[in-house]
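# Structure assessment
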Amino acid sequence: MLDLRLSLTNIEQPEMRRILLAVVLLVCVASLRAQSVIGGNLEAIKDVQQIQVSFDYQDALIQGMIFEDFMAKEQREFSNSDYYDFEEEWTKSLAAEHITRFVTAYNKVATKKKLPVLVSKDVPTKLVVKFAVLERNGEAQADYQFMDSEGHKVAVVRWASPKGGVFGTFLNLLGDASEENGENFAKFLNKNINKSLFSF
């Protein structure tokens, strides 16, 4: 088994660090299955009413680039358009659309199926979605990590979005794909929340 536990801090050249991180991420992504519980037990959240959700892109390959390179590329392109601060555009528009459409679609199913609903406010149980890959059409691969009130992982779902958006800008594609993903993720939880599948 290839040991990927490398210390990136010992690699001084930024370009080499980027290349190595990209290779490590690609190897990890290649091992992802479509949708599966890889740790913990979803029964741990079945009696929870609300879960605070957040999206984490810091370790993701976005359109084939590590996060910092993606942000730098988009900033250069935005500097030549009507936008001047891509980081603000990412935070207030793109990332906001991504998570909002996901939550809305998820909660629509969750309310009918009596699943925990997702909220933005601070509540004891958390869901951190750590992205490994995010494509322009909104296709994504991520680990959905459920945490208890003490910050311990109680369940982890490794999830690849079934498909991306079809038409429009990056914003539209991202939102459309995320909406479908939220609905599908809720259906997956509904199907598996009462199954004792794994434990850490």
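These numbers were taken from a predicted model, which means no experiment stands behind them.

Reading the values: rules and limits
- Residues numbered from 1 in each chain as written.
- Predicted model: local features only at pLDDT ≥ 70, side-chain atom pairs only at ≥ 80, totals over all residues.
- Heavy atoms only, no water.
- Salt bridge = Lys/Arg side-chain N within 4 Å of Asp/Glu carboxyl O.
- Helix = DSSP H or I, 4+ residues; strand = E, 2+ residues; numbered from the N terminus.
- Buried < 20%, exposed > 50% of the residue type's maximum accessible area, 1.4 Å probe, protein only.
- Core = buried A, V, L, I, M, F, W, Y, C linked by side-chain atoms within 4.5 Å.
- Contact = heavy atoms within 4.5 Å.
- Expected span 1.5 Å × (residues − 1).
- Arc of directions from axis to C-beta.
- pLDDT = per-residue confidence, 0-100.

## Some remarks on the pattern of salt bridges
Any two side chains of opposite charge can pair, on the condition that their charged atoms come close. This model, assessed by the stated rule, comprises 10 salt bridges. As a salt-bridge pair, Asp56 and Lys130 come within 2.7 Å of each other at their nearest N and O atoms. Of this pair, Asp56 sits in strand 2 (residues 50-56) while Lys130 sits in strand 6 (residues 126-134), placing them 74 residues apart in sequence. For the salt bridge of Glu183 with Lys187, the shortest nitrogen-to-oxygen distance reads 3.0 Å. Here Glu183 pairs with Lys187, and both are found in helix 4 (residues 170-192), just 4 residues apart, close to one helical turn. Using a relative accessible area of 45% as the deciding quantity, one classes Lys187 as partly exposed. Taken together, the shared-partner salt bridges connect Glu97, Arg101, Asp176 and Glu179 into one network.

## Observations regarding unusual backbone geometry
For Gln63, which is not a glycine, the phi torsion comes out positive at approximately 50 degrees. Inspection of the secondary structure assignment puts Gln63 in the loop between strand 3 (61-62) and strand 4 (65-66). On the basis of relative accessible area, Gln63 is assigned to the partly exposed category, the value being 22%. If you check the backbone angles, Lys114 has positive phi at about 60 degrees while not being a glycine. Mapped onto the elements, Lys114 comes out in the loop between helix 3 (86-113) and strand 5 (117-119).

## A few points about the nonpolar core
Ranked by size, the top nonpolar core spans 44 residues in total, and within it Leu42, Trp90, Phe146 and Phe185 carry the most contacts. Of all the secondary structure elements, the ones that give two or more residues to this core are strand 2, helix 2 (67-78), helix 3, strand 6, strand 7 (140-147), strand 8 (153-160) and helix 4. A per-element tally of this core places helix 3 first, with 9 residues. Those residues in contact with Phe185 that sit more than four places away from it in its chain are Phe102, Tyr106, Leu127, Tyr144, Phe146, Val157 and Trp159.

## Description of helix 2
Between the first and last C-alpha of helix 2 there are 16 Å, a value that for 12 residues agrees with the 16 Å anticipated at 1.5 Å per step. Turning to helix 2, its buried residues are Phe67, Phe70, Met71, Glu74 and Phe78. One side of helix 2 holds all its buried residues, which, seen down the axis, span an arc of 95 degrees. Against the buried residues of helix 2 lie strand 3, strand 4, helix 3 and helix 4.

## A closer look at the confidence of the model for the protein chain
Per-residue confidence for the protein chain gives a mean pLDDT of 84; residues scoring 70 or more make up 78%. Below a pLDDT of 50 lies the segment residues 1-9, which in the model reaches 7 contacts outside its immediate sequence neighbourhood of four places, other chains included.

## Regarding the side chain of Ser93
Here Ser93 shows up in helix 3. Excluding residues that lie within four positions of it along the chain, Ser93 makes contacts with Glu88 and Leu171.

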